[in-house]
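# Coordinate inspection notes
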Amino acid sequence: MQASATTDGSSGQAVVAPPQNAVKAVQRIGVTKEVFPGEKRVATVPEVVEKLIKLGFAVSVESGAGDAANFSDETYRAAGAQIVNGAAALWAESDIVFKVCVPTPAEVDMMRDGGILIGFIWPAQNPELMQQLTAKKATVLAIDALPRMLSRAQKMDALTSQAGVSGYRAVVEAANAFGRFFAGQITAAGKVQPAKVFIAGAGVAGLAAIGTAVGLGAIVRANDTRAEVADQVISMGGEFVKVDYEEEGGGGGGYAKVMSEGFQQAQRDMYAKQAREVDIIITTALIPGKPAPKLITAEMVKSMKPGSVIVDMAAERGGNCELTEPGQSVVKHGVTIVGYTDLASRLAKQSSTLYATNLFRLAEELCKTKDGVVNVNMEDDAIRGLTVTKEGSITWPPPAPKLPAAATAPAKPAAAPAAKKAHGHGEASAPMAGSKLAIMFGVAALLFWLIGANAPKEFLSHFTVFVLACFVGYMVVWNVKPALHTPLMSVTNAISSIIAIGALVQISPLADALERPNSLITWVAAAGIVLTAINMFGGFAVTQRMLAMFRK
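Residues numbered from 1 in each chain as written. Predicted model: local features only at pLDDT ≥ 70, side-chain atom pairs only at ≥ 80, totals over all residues. Heavy atoms only, no water.

### Comments concerning the nonpolar core
In terms of nonpolar packing, the biggest core is built from 48 residues, with Phe 98, Ile 118 and Leu 362 touching the most fellow members. Among the elements of the structure, β3 (28-31), α1 (46-54), β4 (58-62), β6 (96-98), β7 (116-119), α6 (158-178), α11 (348-366) and α12 (381-386) are those that each provide at least two residues to this core. Beyond its immediate chain neighbours, meaning those up to four positions away, Phe 98 contacts Ile 29, Gly 30, Val 31, Thr 32, Ala 43, Leu 52, Ile 118 and Leu 359. Formed by 29 residues, the second largest nonpolar core is a distinct cluster that contains Ala 195, Ile 210, Ala 213 and Met 313. (Core = buried A, V, L, I, M, F, W, Y, C linked by side-chain atoms within 4.5 Å. Buried < 20%, exposed > 50% of the residue type's maximum accessible area, 1.4 Å probe, protein only. Helix = DSSP H or I, 4+ residues; strand = E, 2+ residues; numbered from the N terminus. Contact = heavy atoms within 4.5 Å.)

In structure tokens, the structure reads:
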């Protein structure tokens with residue numbers, strides 16, 4: 001766009017106005033204080049504020065937003081953020097708002113027209129909120145709508161980071177309510193049996209719970225409808241308990257699917273058995289947008305030992321236990337049932353830090369030019385999946401992301417045509433290969449016999465060692481996969497040292513070597529020492545570099 005010229009009234013000189021949109025204004029990110037009852041998390045933390053500023057953004061934080069997570073206003077101010085008093089002022093001056101919880105209608109009313117909102121939205125469960133955001137002509141990126149099957153989106157996956165914190169906290173809550181050691185101990189006062197923990201669901205939260213419970217010394221069992229997670233459970237130190245019913249439970253987006261009635265009945269039988277045996281049950285089964293499946297019945301609770309504990313991580317959607325009271329910890333039939341819906345918020349500092357990092361990674365994708373201006377690129381599968389409204393238009397649900405094509409197995413070569421009969425005797429080419437091999441071995445045997453019959457005894461002993469060395473070298477080095485060649489450097493160093501010793505024996509009479517400069521053996525031995533020295537020192541250098549990869 002061309003610049004326009006005006007006339008200065010005092011001097012009559014032409015004044016050139018700057019071209020419109022020549023410089024993009026830096027956008028301001030606002031971090032509001034969460035108003036959901038009991039929520040302690042905050043959408044960004046001081047260390048991430050510094051990174052956002054390096055991306056070119058200006059950052060405002062509502063006063064007191066991080067107090068519940070132990071981030072004071074002073075720490076935000078020291079990181080370069082502006083502290084704003086009052087939610088209305090923050091929403092009014094922010095081009096982009098970072099949030100944790102779903103915004104309330106009152107918060108949306110305070111939002112600037114055409115602004116950008118990033119946080120948990122759950123568009124399928126909040127149609128009225130979607131309409132209100134549309135009326136504001138807002139661009140909304142729902143962090144819960146991230147297409148999790150994209151590997152490059154994992155760094156932005158707040159559902160995973162928060163589920164990991166919740167799984168850890170669930171074990172802490174179970175340990176607090178259990179009243180006994182998790183690990184077994186033998187003391188002068190008697191023997192303490194280890195706690196037995198059963199975890200229903202081995203997703204992100206379940207695996208975090210498994211690792212935490214194993215770390216505390218408990219005997220951990222786990223189950224999941226997806227058979228492929230069995231190896232993950234075992235790798236975390238748990239025991240995978242299989243349902244006696246064949247059905248695959250993998251669903252889309254990394255979630256489990258709703259199983260058939262036959263599978264559910266077999267699963268209930270298995271849960272009933274585990275309820276009688278274990279001390280603690282942690283349930284994590286939940287599919288977003290659907291009521292939590294009832295896995296633990298009242299009869300199962302009655303069958304548990306007095307003092308046992310159930311931590312129901314699906315309490316927010318009704319709970320996996322029939323007796324769960326969302327948001328409460330209750331005792332029924334002698335069993336403590338923990339139904340807290342704010343497990344991640346109970347570790348506010350840690351969960352806020354992880355969530356802030358997820359949003360920062362998203363900001364990097366939105367502002368690749370690092371000029372403080374967001375570009376919502378709808379051609380990017382990850383950004384397209386996150387965007388539920390764009391400038392007042394509802395864009396949710398998104399089209400299926402374009403996943404990379406699965407690697408196809410190489411086509412099998414066509415079967416070789418049958419070999420033609422040779423000389424009319426009906427002998428095919430395959431038997432001919434065997435006969436050639438027999439002839440080769442026969443010639444080799446004859447050659448060895450001739451050498452043994454005519455060579456000196458000393459030569460035969462050295463020749464025998466040479467043949468065995470060739471055979472052993474082939475089996476030890478040549479027959480090993482290339483991926484393992486680097487670890488074999490240590491073995492080749494040992495072989496090289498033996499070669500060097502042999503060469504040194506050959507040139508030990510140095511004076512004779514000088515007197516007989518044409519001695520072939522002496523000079524070959526000297527060359528062997530040079531080559532093996534290079535191989536030895538190079539091998540040790542490569543080995544040290546390899547070992548350094550595994551050191552912290």
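### A look at the sheet that holds strand β8 (residues 139-142)
Here we have eight strands laid out as an open sheet, ordered β5-β4-β3-β6-β7-β8-β18-β19, and mixed in their pairing. Taken across any chain shown, the strands that pair with only one partner, and hence form the sheet edges, are β5 (82-84) and β19 (393-394). Here three bridges tie β3 to β6, and the two strands are oriented parallel to one another. When the bridges of β6 are listed, Gly 30 appears paired with Val 97. (Pairing = 2+ DSSP bridges.)

### Notes on the pattern of salt bridges
In this structure the tally under the stated criterion is 20 salt bridges. For the salt bridge of Lys 332 with Glu 325, the shortest nitrogen-to-oxygen distance reads 3.2 Å. If you follow the salt bridges from partner to partner, you end up with Arg 152, Lys 155, Glu 365, Lys 368 and Asp 380 in one network. (Salt bridge = Lys/Arg side-chain N within 4 Å of Asp/Glu carboxyl O.)

### A short note on the pairing of strand β18 (residues 387-390)
On any regular strand, side chains alternate: one points to one face of the sheet, the next to the other face. Direction of pairing for β8 relative to β18: antiparallel, over a ladder of two bridges. Following the sheet pairing, Val 140 is matched in β18 by Thr 389. Relative to β19, β18 runs antiparallel, the two being bridged by two bridges. Paired with Lys 390 across the two strands is Ser 393, which belongs to β19. Here β18 hands over to β19 after two residues, with Glu 391 in that stretch at a positive phi of 55 degrees.

### Details of the environment of Thr 104
Along the chain, Thr 104 falls in the loop between β6 and α4 (105-110). Its relative accessible area of 28% is what places Thr 104 among the partly exposed residues. Considered as a pair, Thr 104 and Leu 129 are 25 residues apart in the sequence and their alpha carbons are 8.1 Å apart.

### Thoughts on the packing of α6 against α11
The N-to-C vectors of α6 and α11 enclose an angle of 170 degrees; their axes lie 9 Å apart at closest approach. Taken together, α6 and α11 sit at an angle that is classed as roughly antiparallel. Between α6 and α11 lies a crossing of right-handed hand. On α11, the residues that touch Ala 158, Ser 161, Gln 162 and Val 165 of α6 are Gln 350, Ser 351, Leu 354, Tyr 355 and Asn 358. Grouping the constituent residues of the contact of α6 with α11 by class yields four nonpolar, five polar and no charged. (Axes fitted to C-alpha atoms, helices over the stretch in contact; angles between N-to-C directions. Parallel < 35°, antiparallel > 145°, perpendicular 65-115°, else oblique. Left-handed = near helix turned anticlockwise from the far one by under 90°. Nonpolar A, V, L, I, M, F, W, Y, C, P; charged D, E, K, R; others polar.)

### What about α1?
Within the sequence span of α1, burial applies to Pro 46, Val 48, Val 49 and Leu 52. Taken down its axis, α1 places every buried residue within 150 degrees of arc, on the same side. Looking at the buried side of α1, the elements it contacts are β3, β4, α2 (73-78), β6 and α11. Downstream of α1 by one or two residues, Gly 56 has phi in the positive range, about 105 degrees. (Arc of directions from axis to C-beta.)

### Section: the sheet that holds strand β16 (residues 329-332)
The strands making up a sheet are joined through hydrogen bonds of the backbone, oriented either antiparallel or parallel. If you walk across this open sheet you meet the seven strands as β13-β12-β11-β14-β15-β17-β16, and the pairing is mixed. Every other strand in the sheet has two partners, leaving β13 (239-240) and β16 as the edge strands with one partner each. Sheet topology places strand β11 (residues 196-200) next to strand β12 (residues 219-223); five bridges connect them, and they run parallel. Bridging across to β12, Val 197 finds its partner in Val 220. On the sheet, α6 packs against β14 (280-283), β15 (309-312) and β17 (335-338) and is oriented at approximately 155 degrees with respect to β15.

### Points about a nonpolar patch on the surface
A grouping of Leu 437, Met 440 and Phe 441 is seen on the molecular surface, where their side chains present a nonpolar patch of about 330 Å² in accessible area. Counting through the fold element by element, Leu 437 comes out in helix α13 (residues 429-454). (Patch = residues over 30% accessible without salt bridge, like charges linked within 9 Å, V, L, I, M, F, W, Y side chains within 5 Å. Areas by Shrake-Rupley, 256 points an atom, 1.4 Å probe, with all protein chains shown as cover.)

### Details of helix α7 (residues 204-215)
In this model α7 runs 17 Å from its N-terminal to its C-terminal C-alpha over twelve residues, within 8% of the 16 Å that 1.5 Å per residue would give. Taken residue by residue, α7 has Ala 205, Gly 206, Leu 207, Ala 209, Ile 210, Thr 212 and Ala 213 as its buried positions. On the buried face of α7, the contacting elements are α6, β11, β12, α8 (230-235) and β14. One or two residues past the end of α7 sits Gly 217, with phi positive at roughly 100 degrees. (Expected span 1.5 Å × (residues − 1).)

### Some thoughts on the confidence of the model for the protein
Looking at the protein, the pLDDT average stands at 84 and 80% of residues meet or exceed 70. Scored below 50 in pLDDT, residues 1-22 makes 15 contacts in the model with residues more than four places away or belonging to other chains. Within the model, the stretch residues 415-432 combines pLDDT values under 50 with seven contacts to residues more than four positions away or in other chains. (pLDDT = per-residue confidence, 0-100.)

### Focus on the packing of aromatic side chains
Taken as a whole and assessed by the stated rule, the structure comprises six aromatic pairs. Measuring from centroid to centroid gives 6.1 Å for Phe 120 and Trp 122, while their planes differ by 15 degrees, and the two rings are stacked. The class for Phe 120 is buried, based on a relative accessible area of 9%. Each ring, one from Phe 178 and one from Phe 182, has its centre 6.2 Å from the other, and the planes form 85 degrees; the classification is edge-to-face. The two residues Phe 178 and Phe 182 agree in class, both being buried. Counting every residue linked through ring pairs, the aromatic cluster contains Phe 120, Trp 122 and Tyr 355. For the cation-ring pair, Arg 346 lies above Tyr 340, with the distance from its terminal atom to the ring centre recorded as 3.7 Å. (Phe/Tyr/Trp six-rings, centres within 6.5 Å; stacked < 30°, edge-to-face > 60°. Lys NZ or Arg CZ within 6 Å of the ring centre and 35° of its normal.)

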